[in-house]
Amino acid sequence: MEILHSKIYGQDKPGTPLLVFHGLFGMLDNWGSFGKEMGEFFPVHLIDLRNHGKSFHSTEMSHDDLAHDISHYMDFHHIEKANLLGHSLGGKAVMQFAIKYPIKVQKLIVVDISPKAYPPHHQGILKALESVDFENLNTRQEVEEVLQQYIPEKSVIQFLTKNLYWTDDKKLAWRFNLKTLSEKYSEFVSNAIKFGVFSGETLFIAGAKSNYILPQDEFQIKQQFPQASVIKIHNAGHWVQAENPKDFNEAVKDFLSENRID
C-alpha cells in the first residue's frame with residue numbers, strides 16, 4: 001500500500017497531531033503558511049491526497065479510498081489518534097474517515113463542504129485542463145493563455161498552474177492525475193459521504209461569501225455529526241484559509257485548544 005506524500009511542521013512539539021487535507025486540484029503547498037503557524041503549537045502534517053501533488057496516482061478515487069489512505073498514513077507514522085482538517089474534497093475525505101474510524105479521531109474540522117452530494121460544477125475547469133496540449137506548449141505562459149479561454153477568474157488560473165512541473169524529459173505536465181479525476185469525478189463530487197455517525201467534537205467552517213454550506217444543510221450535518229457547530233468566516237469565499245487567514249487560523253486554534261468554552 002502506497003503512503004500519501006506529506007510535509008510535517010512542528011515534529012518536535014507535544015500534543016495531538018493535526019492532519020490537513022487540501023481540496024480538488026490542490027496540493028499540500030496551498031497550506032504552507034497555515035502549517036508553519038500551527039506548527040508552533042503542535043505537530044502539523046500537510047498531506048497530498050491520492051492523484052494530487054506528489055502522492056501516488058491511482059485509477060480509483062472514492063471517498064472510501066481516501067479514508068483508507070488516511071488510515072494507512074496514520075499507521076505508517078505511528079499516529080494512534082489525530083485531529084483532522086479537510087477543505088472541500090479533503091473535507092469529504094476526513095468526514096468519511098471519521099465515520100469509518102472514529103477511534104482514530106480526536107477532533108474534526110471540515111472546511112466549506114457538507115456531507116451531501118453536490119451537482120457537477122467543475123465541467124468548465126475540466127474542459128480547460130483537458131484542452132492543454134503539453135506536446136505543443138513549452139511555457140507556463142502558454143498554458144495560462146489556453147486556460148484563460150475557458151476560465152475568467154485569474155485566481156483560479158493561478159491556483160491550477162501551481163500544479164505545473166517539468167518532467168525528466170523537459171516537458172510541462174500537471175502534478176494531479178487529470179485522467180482519473182475526470183473519469184471518477186461523479187464518485188467523489190456527486191456522491192454524498194456514506195451514512196454513518198461521528199459523535200466526536202466537530203467544527204464546520206464556512207466562507208461567508210461561499211454557497212457550499214447552506215442553512216438547510218445543517219440538518220444533515222447534525223444527523224451525521226451530532227456534536228457539530230457551524231461557523232462562518234467573514235470576507236471569505238470557498239478558499240477560506242487563503243482569503244481570511246487571520247480569522248480562519250484563530251477559529252482553528254480556538255477549537256483545538258483543550259480548554260475551549262462553548
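These numbers were taken from a predicted model, which means no experiment stands behind them.

**Q** What exactly am I supposed to notice about the overall build of the protein chain here?
**A** Scanning the protein chain from N- to C-terminus turns up 11 helices and 9 strands. Expected size for 262 residues packed as a compact globule is a radius of gyration near 18 Å; at 18 Å, the protein chain falls within 12% of this value. When the backbone C-alpha atoms are referred to their principal axes, the protein chain occupies close to 55 × 40 × 35 Å. Split into buried and exposed, the 262 residues of the protein chain put 55% on the buried side. Partitioning the contacts of the protein chain with sequence separation of at least 6, the portion at a separation of at least 24 is 74%. Surface summary for the protein chain: the accessible area is close to 12,400 Å², and the carbon and sulfur share equals 49%.

**Q** Please clarify how the sheet that holds strand β1 (residues 6–9) should be interpreted in this entry.
**A** Pairing between the strands of a sheet comes from backbone hydrogen bonds, and it takes one of two forms, parallel or antiparallel. Reading across the sheet, the 7 strands line up as β1-β3-β2-β4-β5-β8-β9 and stay open at both edges, with mixed pairing between neighbours. Each edge of the open sheet is held by one strand with a lone partner, namely β1 and β9 (228–233). Each neighbouring strand pair of the sheet contributes to a mean axis angle of 20°, computed without reference to strand direction.

**Q** Explain the environment of His 122 here, please?
**A** Looking at where His 122 falls in the secondary structure, it is placed in the loop between β5 (105–111) and α4 (123–130). Considered as a pair, His 122 and Asp 133 are 11 residues apart in the sequence and their alpha carbons are 19 Å apart. With near-sequence residues (within four places) excluded, His 122 lies in contact with Leu 24, Phe 25, Tyr 185 and Tyr 212. A distance of 2.7 Å separates polar atoms of two side chains, one belonging to His 122 and the other to Tyr 185.

Analysis parameters
Residues numbered from 1 in each chain as written. Predicted model: local features only at pLDDT ≥ 70, side-chain atom pairs only at ≥ 80, totals over all residues. Heavy atoms only, no water. Helix = DSSP H or I, 4+ residues; strand = E, 2+ residues; numbered from the N terminus. Rg over C-alpha atoms; globule rule 2.2 N^0.38 Å. Buried < 20%, exposed > 50% of the residue type's maximum accessible area, 1.4 Å probe, protein only. Contact = heavy atoms within 4.5 Å. Areas by Shrake-Rupley, 256 points an atom, 1.4 Å probe, with all protein chains shown as cover. Pairing = 2+ DSSP bridges. Axes fitted to C-alpha atoms, helices over the stretch in contact; angles between N-to-C directions. Polar contact = N/O pair within 3.5 Å; in protein donor to acceptor, adjacent residues only side chain to side chain.

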